[in-house]
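# Residue-level structure breakdown
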Amino acid sequence: MSTPLTSGFLLDNATVPVGDRATIDVRDPADGSLVGRVARASRDDARSAMDSAAKAQPGWEAIGAAERAKILRRGAERLLARREELAQLITREMGKVLYESRSEVDGAIDNLEYYPAFARTLSGEEIAGLPTGQTMRLLWLPRGVVVAITPWNFPAATVTRKLAPALLGGNTVVLKPSSNTPLSSLLIAGVLRDAGLPPGVLNVVTGPGAETGPALIQHPQCSTVTLTGSTASGVEVLRLAAPGVVKCLLELGGKAPVLVGRDADLDWAARATVWARFWNAGQACIAAERCYVDDRVATEFQTKVSTLVAQLRVGPGLRSGVDIGPLYSLGAREAVSKDVQEAIAAGAKVVVGGSAPSAGALSKGAFYQPTVLTDVTEENAIAREEVFGPVLPLLTYSDWDEAIDRANTSRYGLSSYVFTRDLSRAEQAIRELRFGETYVNRVGPETPQGYHAGFRQSGLGGEGTVWGVRDYLQLKSVYVDWKEPHSAEYFPPYPD
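Notes on the structure follow.

Quick notes on the rules
- Residues numbered from 1 in each chain as written.
- Predicted model: local features only at pLDDT ≥ 70, side-chain atom pairs only at ≥ 80, totals over all residues.
- Heavy atoms only, no water.
- Buried < 20%, exposed > 50% of the residue type's maximum accessible area, 1.4 Å probe, protein only.
- Helix = DSSP H or I, 4+ residues; strand = E, 2+ residues; numbered from the N terminus.
- Pairing = 2+ DSSP bridges.
- Core = buried A, V, L, I, M, F, W, Y, C linked by side-chain atoms within 4.5 Å.
- Contact = heavy atoms within 4.5 Å.
- Phe/Tyr/Trp six-rings, centres within 6.5 Å; stacked < 30°, edge-to-face > 60°.
- Lys NZ or Arg CZ within 6 Å of the ring centre and 35° of its normal.
- Axes fitted to C-alpha atoms, helices over the stretch in contact; angles between N-to-C directions.

For strand 17 (residues 391-397), a buried count of six out of seven residues is recorded, marking the element as mostly surrounded by other parts of the structure. Relative to strand 17, strand 14 (residues 288-294) is paired through four bridges, and the arrangement is parallel. Residue pairing across strands places Cys-291 opposite Leu-394, the latter belonging to strand 17. As paired elements, strand 16 (residues 371-374) and strand 17 share three bridges and run parallel to each other. Bridged to Leu-373 within strand 17 is Pro-393.

Further remarks concern the nonpolar core. Ranked by internal contacts, the top residues of the largest apolar core, which has 68 residues, are Val-260, Cys-291, Phe-301, Val-305, Ile-382, Tyr-417 and Phe-419. Ranked by residue count, the leading element in this core is helix 9 (residues 266-278), at seven residues. In this view, Val-305 contacts Ala-270, Val-274, Val-372 and Leu-392; residues no more than four positions away in its chain are not counted. Counting 56 residues, the second largest nonpolar core, distinct from the first, contains Val-38, Leu-89, Met-94 and Leu-122.

Time to look at the pairing of strand 7 (residues 134-142). Pairing geometry for strand 6 (residues 125-126) and strand 7, over two bridges, is antiparallel. Along strand 7, the bridge assignment pairs Glu-125 with Leu-138. Pairing geometry for strand 7 and strand 25 (residues 473-481), over nine bridges, is antiparallel. The partner of Gln-134 across the bridge, within strand 25, is Asp-481.

Turning our attention to the packing of aromatic side chains. Scanning the model with the defined rule gives eight aromatic pairs in all. Between Tyr-114 and Tyr-115 the ring centres are 5.1 Å apart and the planes differ by 80 degrees, which places this aromatic pair in the edge-to-face class. Judged on exposure class, the residue Tyr-114 and its partner Tyr-115 are both buried. Ring centres 5.2 Å apart and planes at 15 degrees place the aromatic pair Tyr-417 and Tyr-439 in the stacked group. Here Tyr-417 is found in strand 19 (residues 415-419), whereas its partner Tyr-439 is found in strand 20 (residues 437-440), with 22 residues between them in sequence. Given a relative accessible area of 1%, Tyr-417 falls into the buried group. Tyr-439 gets classed as buried once you look at its relative accessible area, which sits at 8%. Geometry around Phe-435 places Arg-456 over its ring, the cationic atom sitting 5.3 Å from the centre. Here the guanidinium or amino end of Arg-470 rests over the ring plane of Trp-467, the centre of that ring lying 5.1 Å away.

The subject of this paragraph is the sheet that holds strand 15 (residues 349-352). If you walk across this open sheet you meet the seven strands as 15-16-17-14-13-19-20, and the pairing is mixed. Looking at strand neighbours, the two that pair on one side only are strand 15 and strand 20, the edges of this open sheet. Within the sheet, the average angular offset between the axes of one strand and its neighbour, ignoring direction, is 25 degrees.

By themselves these figures say nothing about function.
Dropping the structure here:
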């Protein structure tokens, strides 16, 4: 057992001692053991972090994008050297199996390598066609201080997906990680500090969002808030940001549908659907949360899926050979159990799983058996509301148009999946599915080359590609009349 870590928050490139502040315990959801403690920052601490970031921003902007890119690339190199350390910390903090944590760290490194490529391409433009002696330009400028609020389910990838484009654009950032996974965020911030970030460019505030969130978002220097979290959290951020007219970038909840056509490669569709649903124990916004199968192949598809799910091995994330680790907390396990029991009461049938382990060591952790349900309808909450856990409801349809319509009947609109060999059906689904991203005959995760954005209550703005960088910039118009003598002809005449 590793020695528990104790850490204060990061301010001006220094770790502020815990001192007499209250602390938050970070516990391994597999067995409840103590991973570490972090300081419970106060609202005054949050304001100090914002003041520091505001003071540092002009100097950070002044060094230019090319130099900022060099620091991010050095950060990627240093994070690669600590890949295994960070992966094991993620698994201990939130439970995911180690090979998934390693993959996540690789994604975090990829973000730090990818976004610097835009350093020399984020150019504005000069508008042509103006009269001689006049010019008009469009310039991209930093927005200022960015508040980044990150979740527990991907505590490394989401952090660098926000930090890299925001910092590259000349903004400074105050990071508020989840209280479940603050240690991995502090490790990443320390790596970037050691890579050359000047003091104040990246500060990290640890503690419950209910305490620090208002102080961060309503600080007069807050220009932008970026959040990955639940839809309810996004609504609260919008409420806090409204008085200051602060820009909000929100990646929120999802209820991704899977459409399986009668002509699909059923072996592949089953394997891909199982991965997309049970990856990270089902704790992903893009997870395949409801599966619509053509009724002519439903029985065959159900058999294939159930066979695969029954073979998934549940256990602590650090144990070799495990496919699914614990949920991130005991409370999360109870929430999933409640969702499944309500579905059963409404008529759903359990094909695989359906409960938490009731005996042995696993019964003491936040584990839930991977579950497949049938006889589910949209009236059942488990087919409508986001379920952060390893539960896959199977539904059937008789017509492709019907499947698309039912998939779109959701307040969420983040990700969607389609399996078919029919090009016309695939193209129809691509056009008509109202989701920010659609995967055809494959699954995620998303890449930084794409724009990861949600429709409806799944979010505002997005992340990835050049558009994700521009979300952290503001466009300024510049008008110049440089020819002398200046002409007054463009002024309208005064009325008589």
